[in-house]
Structure formats: structure tokens, C-alpha cells
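# Reading the structure
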Amino acid sequence: MAVAVEQLRHAGLRVLDAREEMVDYVFHDIGAVVFQLRAVPWQVRDFDLDRYDRRLRELHERICSQGAFTTRDHRFLIEAELP
């Protein structure tokens, strides 16, 4: 995030607020994983059920054996304005 803030300042903007957070996502079934990947296409740009079939089945087995699959998402928000 520091790089993005610096780039905005370098471009002449005044940064009003900058926050970042690491958010855990816990998936309890493979359907929820597929829904997330379809709903947020920039997470896996080339996501396709056929292309990822083997990996999704492996993840399904992991969820079944461990009870859940947890991933972490890095998010940041920057509010800036022209001075």
C-alpha cells in the first residue's frame, strides 16, 4: 500500500486516508469457492471449471478431510483528492 500512496502523492494528490487489512475467508464447501471465483474474476483471471477441474477436486477432498479451507485476502483503501 505504501507504494500506491507514494505514487498518488507523486501524481499531485493529497492522501486523506489510507488503510489496509488482511481478511480471512473460510470456505466450508467447494461450491462456495467456485461461487467466489466466479463472482470476483480478478482473483483467478483465467478461472474456468474445466481448466481447474483437477485442482477443484483436490481442494474438495481437502475441505472434506479438514472441515474448511481458509485463505487470506489483502485489501487496502486509499482516499485521495486534488489539492
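Residues numbered from 1 in each chain as written. Predicted model: local features only at pLDDT ≥ 70, side-chain atom pairs only at ≥ 80, totals over all residues. Heavy atoms only, no water.

## Some details on the overall build of the protein chain
Spelled out, the test is: Each helix is a run of DSSP H or I of at least 4 residues and each strand a run of E of at least 2, with the numbering of both proceeding from the N terminus. Both definitions apply: the radius of gyration is a C-alpha atom measure, and the globule rule equals 2.2 Å times residues to the power 0.38. Accessibility here uses a 1.4 Å probe with only protein chains present; expressed as a share of the type maximum, an area under 20% marks a residue as buried, one over 50% as exposed, and anything in between as partly exposed. Methods summary: accessible areas were calculated by the Shrake-Rupley approach with a probe of 1.4 Å, and residue burial reflects only the protein chains presented.
Counting its secondary structure elements, the protein chain contains three helices and two strands. Its helices and strands in sequence order give the protein chain the pattern α-β-α-α-β, from N to C terminus. Computed over C-alpha atoms, the radius of gyration of the protein chain comes to 18 Å, more than 25% over the 12 Å expected from 2.2 N^0.38 for 83 residues, which places it beyond the range of a compact globule. Along the first, second and third principal axes, the C-alpha atoms of the protein chain reach 55 × 25 × 15 Å. Counting the 83 residues in the protein chain, one finds 22% classified as buried. Working note: accessible area of the protein chain is about 6,600 Å², and carbon and sulfur atoms make up 51% of it.

## Quick word on the packing of aromatic side chains
Heads up, the rule is: The rule is short: rings of Phe, Tyr and Trp, with Trp giving its six-membered ring, pair when the centres are within 6.5 Å, and they are stacked under 30 degrees, edge-to-face over 60, tilted in between.
Counted by the stated rule, this structure contains three aromatic pairs. Each ring, one from Tyr-25 and one from Phe-27, has its centre 6.3 Å from the other, and the planes form 15°; the classification is stacked. On the accessibility criterion, Tyr-25 (21% relative accessible area) is partly exposed. Summarising the aromatic geometry, the rings of Phe-27 and Phe-69 are spaced 6.3 Å apart at their centres and angled 25° between planes, so their arrangement reads as stacked. Note that Phe-27 is positioned in strand 1 (residues 14–27) and Phe-69 in strand 2 (residues 69–81), a separation of 42 residues in sequence. For Phe-69, a relative accessible area of 17% puts it in the buried group.

## Observations concerning the nonpolar core
Side chains that are nonpolar tend, in soluble globular proteins, to be buried together. Heads up, the condition is: Side-chain atoms within 4.5 Å link the members of a nonpolar core, which is a set of buried Ala, Val, Leu, Ile, Met, Phe, Trp, Tyr and Cys residues. Residue contacts are counted whenever heavy atoms from the two residues lie within 4.5 Å of one another.
In terms of nonpolar packing, the biggest core is built from eleven residues, these being Phe-27, Ile-30, Val-33, Val-34, Leu-37, Phe-47, Tyr-52, Leu-56, Leu-59, Ile-63 and Phe-69. Residue assignment for this core shows that the elements contributing at least two residues are helix 2 (30–39) and helix 3 (53–66). With four residues, the top contributor of residues to this core is helix 2. Aside from chain neighbours lying at most four places away, what touches Leu-37 is Gln-43, Val-44 and Phe-47.

## Overview of the environment of Glu-79
Here Glu-79 is to be found in strand 2. Distance in space between the C-alpha atoms of Glu-79 and Asp-17 is 5.1 Å, their sequence separation being 62 residues. The residues touching Glu-79, leaving out its near neighbours within four places in the chain, are Arg-14, Val-15, Leu-16 and Asp-17.

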